[in-house]
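# A structural walkthrough
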Amino acid sequence: MLTEADRTQLATLKASLDPLRALIDPSRPVVYVDYPFHTNIGDLLIHQGAEAFLASHGCRTVLSVAVETEALLDRGVPQDATIVLHGGGNLGDLYPRHQELRDRVIAKFPKHRIVLMPQSVHFSKPEAAAACGALWSRHDDLHIGLRDHRSIATLAPHLKRPPLLLPDMAHALFPAITDARPGSGTLVLRRQDIEAVSGERNAFDWDTLLTGADQRIMGLMRRAHRAAARGLPVPATWMWNCFRDHLVTRALGHVGQFATVDTDRLHGMLAALLLGRPVTARDNSTGKLSAYHAAWLAPMPSVTTAFP
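What comes next concerns the included structure. (Residues numbered from 1 in each chain as written. Predicted model: local features only at pLDDT ≥ 70, side-chain atom pairs only at ≥ 80, totals over all residues. Heavy atoms only, no water.)

Cis geometry is adopted by the peptide bond preceding Pro175, which originates at Phe174 and carries an omega value of 0°. Its location among the elements puts Pro175 in the loop between strand 7 (164-165) and strand 8 (186-189). Its identity as a non-glycine residue notwithstanding, Asp34 has a phi of 80°, on the positive side. With respect to the helices, strands and loops of the structure, Asp34 is situated in the loop between strand 1 (29-33) and helix 2 (41-56). In this structure Asp34 comes out as buried when scored by relative accessible area, which is 2%. (Helix = DSSP H or I, 4+ residues; strand = E, 2+ residues; numbered from the N terminus. Buried < 20%, exposed > 50% of the residue type's maximum accessible area, 1.4 Å probe, protein only.)

What follows deals with the sheet that holds strand 10 (residues 279-281). Here four strands make up an open sheet; going across it, the order is 8-9-10-11 and the pairing parallel. The open sheet has two edge strands with one neighbour each: strand 8 and strand 11 (303-305). Neighbouring strand axes in the sheet, compared pairwise and without regard to direction, differ in orientation by 20° on average. (Pairing = 2+ DSSP bridges. Axes fitted to C-alpha atoms, helices over the stretch in contact; angles between N-to-C directions.)

Next up on the list: the packing of aromatic side chains. Inspection of every chain in the model, using the stated rule, returns three aromatic pairs. Ring centres 6.3 Å apart and planes at 80° place the aromatic pair Phe204 and Trp206 in the edge-to-face group. Of the two residues, Phe204 and Trp206, both sit in the buried class. Plain terms: the ring middles of Trp240 and Phe243 are 5.9 Å apart, the flat faces sit at 65° to each other, and that makes the pair edge-to-face. Taken together, the positions of Trp240 and Phe243, both in helix 7 (residues 236-255) and three residues apart, correspond to about one turn of that helix. One exposure class covers both Trp240 and Phe243, and it is buried. (Phe/Tyr/Trp six-rings, centres within 6.5 Å; stacked < 30°, edge-to-face > 60°.)

Once that is clear, we can look at a positive patch on the surface. On the surface, a cluster of positive charge is made up of Arg222, Arg223, Arg226 and Arg230. Assessed through its relative accessible area of 48%, Arg223 is described here as partly exposed. (Patch = residues over 30% accessible without salt bridge, like charges linked within 9 Å, V, L, I, M, F, W, Y side chains within 5 Å. Areas by Shrake-Rupley, 256 points an atom, 1.4 Å probe, with all protein chains shown as cover. Salt bridge = Lys/Arg side-chain N within 4 Å of Asp/Glu carboxyl O. Lys, Arg positive; Asp, Glu negative; His and termini not counted. Charge placed at Lys NZ, Arg CZ, Asp CG, Glu CD.)

Okay, the side chain of Arg277 next. Within the fold, Arg277 resides in the loop between helix 8 (266-275) and strand 10. A distance of 2.9 Å separates a polar side-chain atom of Arg277 from the backbone oxygen of Phe258. Excluding residues that lie within four positions of it along the chain, Arg277 makes contacts with Met1, Leu2, Asp179, Arg181, Pro182, Gly183, Val255, Gly256, Phe258, Ala259 and Ala272. (Polar contact = N/O pair within 3.5 Å; in protein donor to acceptor, adjacent residues only side chain to side chain. Contact = heavy atoms within 4.5 Å.)

So, about the pattern of salt bridges. Enumeration over the complete set of coordinates arrives at 19 salt bridges. Notably, a salt bridge pairs Asp193 with Arg191, separated by 2.8 Å at the nearest N-O pair. Judged by relative accessible area, Asp193 falls into the partly exposed class, the value being 28%. Look at Arg191 and you get buried, because its relative accessible area is 5%. Two residues, Asp214 and Arg250, come together in a salt bridge whose shortest N-O distance is 2.6 Å. Of this pair, Asp214 sits in helix 6 (residues 212-229) while Arg250 is found in helix 7, placing the two residues 36 residues apart along the sequence. Salt bridges here are not isolated pairs; linked through shared partners, they connect Arg191, Asp193, Glu195, Asp205, Arg265 and Lys288.

As defined by bridge partners, strand 1 adjoins strand 2 (residues 60-65) across five bridges and the pair is classed as parallel. Paired with Tyr32 across the two strands is Ser64, which belongs to strand 2. Tracing the backbone out of strand 1, into helix 2 and back to the parallel element strand 2 gives a crossover that is right-handed. (Right-handed = clockwise from strand over helix to strand, strands pointing away.)

In this section: helix 1 (residues 4-15). Here helix 1 contains twelve residues, and its C-alpha end-to-end distance of 17 Å stays within 8% of the 16 Å for a straight helix at 1.5 Å per residue. Those residues of helix 1 not exposed but buried are Asp6, Gln9, Leu10 and Leu13. The arc that holds the buried residues of helix 1, viewed along the axis, is 105°, so those residues lie on one side. (Expected span 1.5 Å × (residues − 1). Arc of directions from axis to C-beta.)

Contact pair helix 3 (residues 96-108) / helix 4 (residues 126-136): the axes reach a minimum separation of 10 Å and the direction vectors enclose 25°. Regarding the angle of helix 3 to helix 4, the classification is roughly parallel. Counted together, Gln99, Arg102, Asp103 and Ile106 of helix 3 and Cys132, Leu135 and Trp136 of helix 4 form the full contact between these two elements. Here the contact of helix 3 with helix 4 is composed, by residue class, of four nonpolar, one polar and two charged. (Parallel < 35°, antiparallel > 145°, perpendicular 65-115°, else oblique. Nonpolar A, V, L, I, M, F, W, Y, C, P; charged D, E, K, R; others polar.)

Where helix 6 contacts helix 7, the two axes come as close as 9 Å, and the packing angle between them is 155°. Classified by the angle between their axes, helix 6 and helix 7 sit roughly antiparallel to one another. Of the two possible hands of crossing, helix 6 and helix 7 adopt the one that is left-handed. On the side of helix 6, the interface is formed by Asp214, Ile217, Met218, Met221, Ala224, His225 and Ala228, while helix 7 contributes Ala236, Met239, Trp240, Phe243, Leu247 and Arg250. Considered class by class, the residues forming the contact of helix 6 with helix 7 number ten nonpolar, one polar and two charged. (Left-handed = near helix turned anticlockwise from the far one by under 90°.)

Next up, the structure:
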């Protein structure tokens, strides 16, 4: 279980999200863009945390849009809305669908306040970071949250307005998902995707939990999102959020069976800490975990690092 110093730092991290309250006026509607329509539990935790934060701030989300339903933005974004862009770790050129969506939204809505929830940055080429900064700096009311000092060093020189250093939105879930049950053994959680560095191809990753029924439900969800994008009255976002919550509950239940977690996933690390499990943290291919640890988790006795 975690120490008192760990719990104090988790509470501090949740409070460190408060600068966003000055940027998102609760008297104005919110349009949430790029919610994660996939089964990566980390992104789903970020989305849950963002919703919890907005609700605690009294905000009213009138439209939520995924990459697949971007067309809904053409059907009505209130003139006084604040556009909130989903946070996470896909700012850069590893995940172009999400980066290009942000670019389009920032260019398309020059008169709206836009707030980017905390992100980690990775560009494979310096000129790509410069191009991103140049495009985004044309917007006069864009506010960017970044999750670590390295991300700020990468992008800040190319921005007109300094970005904010903010922790991940999943911290807004503390202490709601704390699990006091004792676990046993160690969960070895390793990335099996584009950011993997481990050769442990048989190790557990989030998708290990998916069943055939889950895959069939995802097919139905994709059809619902395509219908919603065409303007049909299908509650695709509500349907997805229900399934999202089911997936997260199952994943956290699995993590909670273990006494400790050894992982190279940022949200494997954060989920374990939120549940009250000590963690051994290893880096992914972009150095995301070591950068985040240096910014926020160094005071936590229950985080052991195994970085190169």
